[in-house]
Amino acid sequence: MAIALVLVLIVVGSVLFHVLSPWWWTPIASNWGYIDSTLVITFWITGAVFTAVVLFMAYCVYRFRHKEGARAHYEPESRKLESWLTAITAVGVAAMLAPGLFVWSQFISVPKDATEVEVVAQQWQWSYRLPGADGKLGTSNARLVSPDNPLGVNPEDPNGQDDVVVEAADLHLPVDKPVKVLLRSLDVLHDFYVPEFRAKMDMVPGTVTYFWFTPTRTGTFEVLCAELCGVGHAFMRGAVLVDTEQDYTTWLQQQSTFAQLSAPAKVGALAEPAGTAAKAE
Amino acid sequence: MADTTLGHADHEAQRPAGLSGVAADWASDQRAFKNVSWGKAMMWIFLLSDTFVFGCFLLAYMTARMSTTIPWPNPSEVFALNIGGSEVPLILIAIMTFVLISSSGTMAMAVNWGYRRDRKKTAALMLLTAALGATFVGMQAFEWTKLITEGVRPWENPWGAAQFGSSFFMITGFHGTHVTIGVIFLLIVARKVWRGDYDTGAPGFFTSRRGQYESVEIMGLYWHFVDLVWVFIFAFFYLW
Amino acid sequence: MVDVTPHGADLIPPAEVAEVELYHPHSWWTKYVFSQDAKVIAIQYAGTALAIGFVALVLSWLMRLKLAFPEAFAFITPEAYYQFMTIHGMIMVIYLLTAVFLGGFGNYLIPLMVGARDMVFPYVNMLSYWIYLFAVLVLVASFFAPGGPTGAGWTLYPPQAITSGTPGGQDWGIILMLVSLILFIIGFTMGGLNYVVTVLQGRTRGMTLMRLPLTVWGIFTATVMALLAFPALFVACVMMLFDRIVGTSFFMPAIVEMGQLSTTSGGSPILFQHLFWFFGHPEVYIVALPAFGIVSDLISTHARKNIFGYRMMVWAIVGIGALSFVVWAHHMYVSGMHPYFGFFFATTTLIIAVPTALKVYNWILTLWRGDIHLTIPMLFALAFIVTFVNGGLTGLFLGNVVVDVPLSDTMFVVAHFHMVMGVAPILVVFGAIYHWYPKITGRMLNEAMGRFHFWVTFVGAYLIFFPMHYIGLVGVPRRYPELGDTAFVPASVQTLNEFITIAALTVGFAQLVFLFNLFWSLRNGRQAGDNPWRATTLEWQTAGTPPPHGNFAKELPVVYRWAYDYSVPGAPEDFIPQNDPGPVTQGDRA
Amino acid sequence: MAQTEVGDQGLHGHGGHARAVAHEVGQQHPIKLYLVVWGWLFILSACSYAVDYFGVQGLLRWGLILTFMMLKAGLIVAVFMHMAWERLALVYAIIVPPLVILVFVAIMVIESDYTEVTRVLSFGVGR
Ligand code: HEA
Ligand code: HEA
Ligand code: CUA
Ligand SMILES: [Cu+2]
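These numbers were taken from a predicted model, which means no experiment stands behind them.

### Looking at the overall build of chain A
Counting secondary structure elements, chain A contains seven helices and 10 strands. For 281 residues, the compact-globule estimate of 2.2 N^0.38 gives 19 Å, and the C-alpha radius of gyration of chain A, at 27 Å, exceeds that figure by more than 25%. Expressed along its principal axes, the backbone C-alpha trace of chain A runs to roughly 95 × 50 × 35 Å. Here the contacts in chain A between residues at least 6 apart in sequence split such that 73% fall between residues at least 24 apart. About 11700 Å² of surface is accessible on chain A, with carbon and sulfur atoms providing 65% of the total. Charge separation in chain A, taken as the distance between the mean sites of 19 positive and 28 negative side-chain charges, equals 13 Å.

### Description of the environment of Ile351(C)
Residues and elements named next belong to chain C. When you line up the elements, Ile 351 lands in helix α10 (residues 341–367). For Ile 351, a relative accessible area of 42% gives the class partly exposed. The spacing of Ile 351 and Phe 34 is 317 residues in sequence and 45 Å in space, taken between C-alpha atoms.

### Remarks on the site of ligand 2
Residue and element names in this part refer to chain C. In the neighbourhood of ligand 2, 34 residues make up the surrounding shell, with Tyr 81, His 88, Trp 154, His 418 and Arg 479 lying closest. One of the side-chain nitrogen or oxygen atoms of Arg 478 is found 3.0 Å away from an oxygen atom of ligand 2. For the shell around ligand 2, the secondary-structure elements that each account for two or more residues are α2 (38–68), α3 (78–114), α13 (411–441), α14 (447–474) and α15 (492–524). Counting residues per element, the shell around ligand 2 draws most heavily on α3, at eight residues. A per-class count over the shell around ligand 2 returns 24 nonpolar, seven polar and three charged.

### Details of the interface of chain C and chain B
The partner chain B presents 47 residues to the 55 residues of chain C that form the contact. Counting each side, the surface lost to burial between chain C and chain B is near 4600 Å², with a carbon and sulfur contribution of 68%. Linking chain C with chain B are zero salt bridges, by the criterion used here. There are 13 residue pairs in polar contact (both at pLDDT 80 or more) connecting chain C and chain B. Elements that contribute at least two residues to the side of chain C that touches chain B include exactly α4 (122–141), α5 (173–201), α6 (214–246) and α7 (269–286) of chain C. Per-element tally for the side of chain C that touches chain B: the top contributor is α6(C), with 10 residues. Within the side of chain C that touches chain B, the residues separate by chemical class into 34 nonpolar, 15 polar and six charged.

### Thoughts on the site of ligand 1
Taken together, 35 residues surround ligand 1, and among them Trp154(C), Tyr285(C), Asp404(C), Ser408(C) and His416(C) come closest. One chain alone does not account for the residues near ligand 1; they come from chains A and C. Interatomic distance of 2.8 Å between a side-chain N/O atom of Ser408(C) and an oxygen atom of ligand 1. Those elements that place two or more of their residues in the shell around ligand 1 are α3 (79–108) of chain A together with α7, α10, α11 (376–399) and α13 of chain C. Looking at the shell around ligand 1, the element that brings in the most residues is α11(C), giving eight residues. In terms of residue class, the shell around ligand 1 is built from 23 nonpolar, 10 polar and two charged.

### Quick word on the interface of chain C and chain A
Residue-level contacts link 126 residues of chain C with 96 residues of chain A. Taken together, both faces of the contact between chain C and chain A bury some 9200 Å²; the carbon and sulfur share is 72%. Where chain C packs against chain A, one counts 28 residue pairs in polar contact (both at pLDDT 80 or more). A total of 15 residues in the side of chain C that touches chain A trace back to one element, the largest contributor, which is α10(C). When the residues that make up the side of chain C that touches chain A are grouped by side-chain class, the tally is 80 nonpolar, 30 polar and 16 charged.

### Here's the deal with the pattern of salt bridges
Inspection of the entire model under this criterion finds 21 salt bridges over all chains. Between Glu118(A) and Arg184(A) there is a salt bridge, and its shortest N-O distance comes to 2.7 Å. Of the two residues, Glu118(A) is situated in strand β1 (residues 115–122) and Arg184(A) in strand β5 (residues 179–185); the sequence distance between them amounts to 66 residues. Lys40(B) serves as the salt-bridge partner of Glu217(B), at 3.5 Å between the closest nitrogen and oxygen. Residue Glu217(B) is located in helix α8 (residues 214–239), and its partner Lys40(B) is located in helix α2 (residues 38–67); the two are separated by 177 residues in the primary sequence. Taken as a pair, Glu217(B) and Lys40(B) share a single burial class, namely buried. Members of the salt-bridge network, linked through shared partners, are Glu118(A), Arg129(A), Asp163(A) and Arg184(A).

### Here's the deal with the coordination of the iron atom of ligand 2
Note on metal geometry: ideal angles are 109.5 degrees for four donors arranged tetrahedrally and 90 or 180 degrees for six donors arranged octahedrally. Residue and element names in this part refer to chain C. All of the protein donors around the iron atom of ligand 2 are His 88 (NE2) and His 418 (NE2); their distances to the metal are 2.0 to 2.1 Å. Note that the iron atom of ligand 2 binds six donor atoms; their angles at the metal cover 86 to 179°, and the shape is octahedral. Placement of His 88 in helix α3 and of His 418 in helix α13 is noted, with a sequence separation of 330 residues between them. Judged by its relative accessible area of 16%, His 418 falls in the buried class.

### Considerations on the coordination of the copper ion (ligand 4)
Residues and elements named next belong to chain C. The copper ion (ligand 4) binds to the protein through His 281 (ND1), His 330 (NE2) and His 331 (NE2); the donor distances cover 1.9 to 2.1 Å. Counting residues between consecutive donors of the copper ion (ligand 4) along the chain gives the motif H-x48-H-H. Distance-wise, the iron atom of ligand 1 is placed 4.4 Å from the copper ion (ligand 4). Here His 281, found in helix α7, pairs with His 330, found in the loop between α9 (310–323) and α10; they are 49 residues apart in sequence, far enough to count as distant.

### A look at the environment of Val110(A)
Structurally, Val110(A) can be placed in the loop between α3 and β1. Val110(A) sits 101 residues away from Phe211(A) along the chain, and the two C-alpha atoms are 7.8 Å apart.

### Brief notes about the packing of α2(C) against α4(C)
All names here are of chain C. The contact between α2 and α4 brings their axes to 10 Å, and the two run at 10°. Compared by their axis directions, α2 and α4 come out roughly parallel. In the crossing of α2 with α4, the sense of the turn from one axis to the other is left-handed. Contact with α2, carried on its side by Ala 38, Ile 41, Gln 44, Tyr 45, Thr 48, Ala 49 and Ile 52, involves Pro 122, Asn 125, Met 126, Ser 128, Tyr 129, Trp 130, Tyr 132, Leu 133, Val 136 and Val 140 of α4 and no other residues of that element. Counted by class, the contact of α2 with α4 contains 13 nonpolar, four polar and no charged residues.

### Regarding the packing of helix α6 (residues 163–195) of chain B against α8(B)
Between two packed helices, what matters for the description is the angle formed by their axes and the separation of those axes. All names here are of chain B. As a packed pair, α6 and α8 sit with axes 10 Å apart at the nearest point and diverge in direction by 160°. Looking at the two axes, α6 sits roughly antiparallel to α8. The interaxial crossing formed by α6 with α8 has left-handed handedness.

### Description of α8(B)
All names here are of chain B. For α8, built from 26 residues, the straight-helix expectation of 38 Å at 1.5 Å per residue is met to within 8% by its first-to-last C-alpha distance of 37 Å. Along its length, α8 shows its largest kink, about 30°, at Ile 233. Burial runs high along α8: 24 of the 26 residues are buried.

### Overview of the sheet that holds strand β8 (residues 209–213) of chain A
Residues and elements named next belong to chain A. The five strands are arranged β3-β2-β1-β5-β8 in an open sheet whose pairing can be described as mixed. Only two strands of the sheet have a single neighbouring strand rather than two, namely β3 (164–166) and β8. Neighbour-to-neighbour, the strand axes of this sheet turn through a mean angle of 20°, independent of strand direction. Sheet topology note: the β5/β8 ladder contains five bridges and is antiparallel. If you follow Leu 182 over to β8, its bridge partner there is Tyr 210.

Procedures and definitions
- Residues numbered from 1 in each chain as written.
- Chains lettered and ligands numbered in written order.
- Predicted model: local features only at pLDDT ≥ 70, side-chain atom pairs only at ≥ 80, totals over all residues.
- Heavy atoms only, no water.
- Helix = DSSP H or I, 4+ residues; strand = E, 2+ residues; numbered from the N terminus.
- Rg over C-alpha atoms; globule rule 2.2 N^0.38 Å.
- Contact = heavy atoms within 4.5 Å.
- Areas by Shrake-Rupley, 256 points an atom, 1.4 Å probe, with all protein chains shown as cover.
- Lys, Arg positive; Asp, Glu negative; His and termini not counted.
- Charge placed at Lys NZ, Arg CZ, Asp CG, Glu CD.
- Buried < 20%, exposed > 50% of the residue type's maximum accessible area, 1.4 Å probe, protein only.
- Near = heavy atom within 4 Å.
- Polar contact = N/O pair within 3.5 Å; in protein donor to acceptor, adjacent residues only side chain to side chain.
- Nonpolar A, V, L, I, M, F, W, Y, C, P; charged D, E, K, R; others polar.
- Buried area = accessible area lost by both parts, 1.4 Å probe.
- Salt bridge = Lys/Arg side-chain N within 4 Å of Asp/Glu carboxyl O.
- Donors = N, O, S within 2.8 Å, 3.2 Å for Na, K, Ca; no water.
- Tetrahedral: all angles 85-135°; square planar, octahedral: opposite > 155°, others 65-115°.
- Axes fitted to C-alpha atoms, helices over the stretch in contact; angles between N-to-C directions.
- Parallel < 35°, antiparallel > 145°, perpendicular 65-115°, else oblique.
- Left-handed = near helix turned anticlockwise from the far one by under 90°.
- Expected span 1.5 Å × (residues − 1).
- Bend = angle between axes of the 7 residues up to and from the residue.
- Pairing = 2+ DSSP bridges.

See below:
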């Protein structure tokens, strides 16, 4: 009998833990409240199912435990019952999936007015690049990385000249302005993760990934790396400061553009990859 | 020590054909594949698994080729041979293809003669198959040396994307290994046929199970598969 | 409703295949060491798997200690932590669970349950084990190699896995890991072909597929999946070996590592992830399906009731197996793959919940109006259902693409897969050992020790992993040896971590009791007899216990019914063995 | 390979029956058939080679290459590997599973295009 009791306790305990425990997600600071709501829906449906299933099990174990002379009921199957259960489950699943897909379609379609911000990761620090006056980010390439061009910005690309380079410092963002975060890595996989923003995405060397969000409250938020990237993984931290419009502009003034940083530096031709000369053109 | 009270096996009695046959076979007892021996079933399923191996290799090569921004060397130039002053595209590969196909032909006949219990013809054809297989590997080796002398390396090549060399050596190498293994086993089986192990049903060395001419067909299945894989490599690697 | 006309033997077709002479061992060596008897091979497989599994268990304690008391265990450096984590995960998933379910239970139960004298190719079967053992040794060797084992995480994502920022990345660790995996795959394929062909072609008279015990269905389907999924891992390993040793660029773009520009260019790390998960997701079901099958039989036997909806159960297993080949990218929602894939893979992923749900329902409906004997195997079966449902449901969070975005790579994921894989199937392994130990050794396992082991493991494991979800919900990422002081994480989380660690160590202790029981009962266990659980399946109807070489008496058994004729109304006993000609029952549609 | 059909190999008495079984099992077809298929394989290979030799390009090239490829594969599997004479139970068991590879390929085609585009846009072509 102990087992039936324990099963009940598990349900009660789990529910109580869920309700009473102090451990819950951090207050949201972006437009992705939708994600939280989907998560809550999922919690309700799955919670209900878990409770129902386990309690019913506990009841069976208690009610139909072995008694002398008792004999089990012989019932190979019941198509009707099984079809019903299948249908109900399908509904439950749909109830979770539908909102999920709906929100996902928003998650991957970036609004027109979003400003681009590039996050560049390398073992084990974060750097950033803002599009500058022309609002366009110049092309970049890991091959161009050098002491005076830490992010490998393409010096021959006019769009790149006025890009604001923020190396190994904090990122500032204006509140309530949608941003498209372009993610780039110079070495291995990393993942730009700010719990309060909910959104996250891996950064993959050799390609550029993205996500978008709108910061909804000012403050300082911690950046963590959420993709194993070597021994420094856990210590790869940074900070995003969401500012009011003024604070943001004042901060922006103090930043220097790519042109300024590499002013003396010669604008050399790109290093060709080993032996691509012949048929490349 | 067969259960003699059972009389003769009933699976020779006509079984339904078509889809109802599929259902009947899967619903039957003892064997899902009627008239398919254990060895043959095992080889088929192994080949299915091997299909996934080569499938993944080719798919990886496809991804590399499609996602690189560096131009891909043009195979029909790379694999051209200079014959009589003129560059003949892919000629060596074409010959290799014909060699391998021929080996498949001889193998098929070996199987056939095997079932007619014709030791000499079977063994001879298998040896011929092995010889053709060896020729193929030889030409493969020639191909490799040629490319290597032209500066193709797994990590780089003079004409473009580095993945060209990597994929080439990996895929042809893996296929070549299959051919080589095939040749070895062809020789072993041929020897058994020649010695007449399959007529006397002499027990195998490790397995201590009685040999049968079916081994020839099973060997054949493997060999034809190797040929089959080459058909795809030829189309996807050389002709793309 | 049950007509009691006895089975006419004429319904049973005659044998299509003559009996094969078995290989008869001549020396002690060929009998017990290089044995070709599936039963001996099974014990070798299971023994090796549990032994190496124990190593992984110890590694998990070290991880937990570091997570709970970072300062006290400062000597566990991040390097060491990642190495422990990687090997722990790899061993548990592949070298323990896959091997113990397919190599262990598969080898022991398939021939017995389908009524065969042995696997179809005993020699190849033997090779399979020795290659597996070799693979395990190579894995262990990496601990003693310069630089130690790899710390790349069991997912081995490049470029990280083969770069110097990762333990073993530029040393021997990763190489030995990949070689070991390749060996494992080769060895497994040899065994796997055996299991599949034995089930398809080696059944006894009257044993149709729809009369197979679900245990066989689970192991069979899992093996087929493994034969089709492992190739992807094989290819990925080979290519990564080339990248690491030869310097190719399959997975390596041009990267700047420690200020150095690499010679590689144009490779795609995402390709590796696709290959890995094309294997990886089927793999998680490969360790789940055998558990599904076994637990079905445990429940049915100890509830003295036929499994409810047998055919639905079979189709569910097959359906899950098939579907699991088109859901792999749900592990890559935030990997930067093509955004639209999210729609496809979220849908396929959640669809799997339906057949799985059906299985859960049918297990419980089997209990309904049963005659439940709360034996130790039954207890473990019940515990499995709870933990599996819990872990499965959290899977639905992760499967729902947009919900996965905040949760991915947090401890929530770790909690999910431990509950559903690290606890549920492991509980089944235990239940199965308590259930079949009498057949394997002829003696029962000690009851008292068994119950202690059950309670501590079940309750303890739940206490470990249920709260862990909430650590993830707070936002704590996985693969963090220590959190440091992090603004958004309340200090209380550390307290919770300490609690989890203590629970884990307790559970670990219980495993030692179990281990002791295994050996103690060999001598002192109660005599079991041929059929202690009064079960219907063929392995309990053998010539003697443990079954002799060749399993059955001179005549192979002939099967007249499905595997679940328990408590048939009007029948004298509350179970009718499969090889009993007795009455035709409603359950059997063969 | 290992086990024998009941009554095959004259395991007991009736040898006439044994041959019947042997026939049932052994795939016997006129040598001519193999020669014909062999011929066709040569022709098809020659054709696909010609496609490259005369530098056919674009969709037509792909159309032809794939058709010839499938035809060759079909012939080898159906005749040389005797698939045409096996029972459908086996045929489907072998032909159906590889379809998931096609799903995988389709996914990877889309993925690769996506990767290439992003690379071109953000890294510039050629490097
Ligand atoms: C035994 C192993 C096992 C099993 C069975 C499962 C089952 C499932 N898993 Fe899990 N999973 C893993 C092992 C497993 N998983 C592992 C090892 C990882 C991590 C790998 C790594 O990154 O290291 C992982 C990670 C993982 C991820 C990636 C998370 C991330 O990295 O971001 C996802 C996302 O979709 C996922 C989803 C699911 C789903 C939807 C199921 C479903 O199959 C669950 C279905 C079951 C149920 C739904 C419960 C029973 C149903 C009912 C009671 C009916 C009622 C339900 C309703 C009405 C809705 N799993
Ligand atoms: C079957 C799989 C399995 C099992 C059983 C376990 C068991 C345990 N695991 Fe783990 N674990 C993984 C699979 C598994 N794990 C995987 C795949 C990872 C990911 C690695 C990575 O990220 O790369 C992981 C990672 C992982 C982490 C996360 C590291 C991180 O992300 O920072 C942690 C941390 O707490 C952990 C803890 C534990 C604990 C405390 C136990 C146990 O203590 C739970 C309680 C014990 C039992 C339920 C008994 C288990 C019994 C056996 C194993 C048989 C032993 C043999 C005999 C008794 C003879 N595991
Ligand atoms: Cu960067 Cu983890
Ligand atoms: Cu998965």
